Amino acid sequence: MPETLYIGKNIIELDVVDSTNNYASKLVANQEALDGTVVVAHFQGEGKGQRGNVWSSEPGKNLTFSLVLNPKRVAPSEAFVISKIVSLAICKYLESVIDEDVFIKWPNDIYVGEKKICGILIENQFKGNNFEYAIIGIGLNVNQTNFQNLPRVTSLFLESKKELDLKSVLNELLKSIEIFYLRFQREGVSSIHEEYLANLLFVDEMRRYKTSQGDITGKIVNVLSSGQLEIKTKEGQLFNFDIKELEFVF
Ligand code: BTN
């Protein structure tokens with residue numbers, strides 16, 4: 001049981017499931033999900049990634065779980081704040097375990113150096129103009145060592161050379177998420193915004209990006225409350241990009 005106030009007090013552990021996000025959605029639809037419920041699976045048969053991709057993970061080696069939150073006071077137009085809170089919390093937890101620099105790759109990935117260690121898939125449910133639930137799916141590579149044909153991927157084991165206990169990692173992650181979520185509830189988004197920006201991959205670095213309108217060279221300068229990424233080009237112009245409009249170039 002994590003040392004938290006409410007996140008993860010109700011943990012549903014499954015051996016096999018299609019997707020923990022789907023399972024959590026059904027709990028919400030049946031009004032069976034308490035705020036802070038966590039669904040964790042040993043193996044997902046149809047794990048979902050961003051942009052319709054599949055999320056595959058070696059059974060029993062990694063963490064694949066979903067957290068249900070009920071962020072009542074967040075306006076749907078500001079829903080991206082949940083991504084900011086969760087990614088910053090994961091980043092800070094990982095920094096406490098490994099010596100390398102950990103970054104948030106906008107919008108929903110966590111990187112160690114230039115390798116992905118964790119993916120986040122947030123599925124929100126709104127009722128009219130009210131936020132009903134955020135289903136926050138997290139896939140964190142923990143003890144997996146072999147990622148065939150995936151060169152830009154890593155795990156906690158590969159970075160720390162230590163095999164970690166999945167339950168302890170989950171508890172620590174949930175603790176970190178709760179710390180940042182409670183801070184946001186007490187003090188608002190400004191209390192996490194600067195720290196979030198400081199942890200962004202390539203922030204303030206002149207880099208090339210692929211966009212729907214062709215390649216640009218510029219610096220990441222901000223992430224707006226809408227979730228759009230703001231880039232200042234080398235010519236000094238500001239552009240905002242939606243999630244599907246921009247790709248990083250490594
Ligand atoms: C990505 O990087 O593409 C996002 C990956 C999200 C994977 C997690 S694993 C637990 C949860 N259940 C799912 O089906 N997907 C998310």
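Not measured: the values here are computed from a predicted model. (Residues numbered from 1 in each chain as written. Predicted model: local features only at pLDDT ≥ 70, side-chain atom pairs only at ≥ 80, totals over all residues. Heavy atoms only, no water.)

1. Some details on the sheet that holds strand S9 (residues 214-223)
Then comes step 1: What the five strands build is an open sheet, ordered S11-S10-S9-S8-S12; its pairing is antiparallel. Edge positions in the open sheet fall to strand S11 (238-241) and strand S12 (246-248), since each of these has one partner strand only. Within the sheet, the average angular offset between the axes of one strand and its neighbour, ignoring direction, is 50°. (Pairing = 2+ DSSP bridges. Helix = DSSP H or I, 4+ residues; strand = E, 2+ residues; numbered from the N terminus. Axes fitted to C-alpha atoms, helices over the stretch in contact; angles between N-to-C directions.)

2. Description of the domain arrangement of the chain
How big an interface is tends to be stated in terms of accessible area lost as the parts join.
Then comes step 1: Taken domain by domain, the chain holds domain 1 (11-198) and domain 2 (207-248).
Then comes step 2: One C-alpha centre belongs to domain 1, the other to domain 2, and the line joining them spans 24 Å.
Then comes step 3: Listed per partner, the contact involves 12 residues of domain 1 and 16 residues of domain 2.
Then comes step 4: Taking both partners together, domain 1 and domain 2 bury about 1100 Å²; carbon and sulfur atoms supply 65% of that area.
Then comes step 5: Among the residues of domain 1 in contact with domain 2, Arg51, Phe80 and Trp106 are the three that bury the most area, contributing 55% of the side total.
Then comes step 6: Counting across the domain 1 and domain 2 interface gives zero salt bridges.
Then comes step 7: For the pair domain 1 and domain 2, the interface holds four residue pairs in polar contact (both at pLDDT 80 or more).
Then comes step 8: Those elements that provide at least two residues to the side of domain 1 that touches domain 2 are helix H2 (80-97) and helix H5 (190-198).
Then comes step 9: When residues of the side of domain 1 that touches domain 2 are assigned to their parent elements, the largest contribution, three residues, is made by H5.
Then comes step 10: Here the side of domain 1 that touches domain 2 is composed, by residue class, of five nonpolar, two polar and five charged. (Domains from an automatic or database assignment. Contact = heavy atoms within 4.5 Å. Buried area = accessible area lost by both parts, 1.4 Å probe. Salt bridge = Lys/Arg side-chain N within 4 Å of Asp/Glu carboxyl O. Polar contact = N/O pair within 3.5 Å; in protein donor to acceptor, adjacent residues only side chain to side chain. Nonpolar A, V, L, I, M, F, W, Y, C, P; charged D, E, K, R; others polar.)

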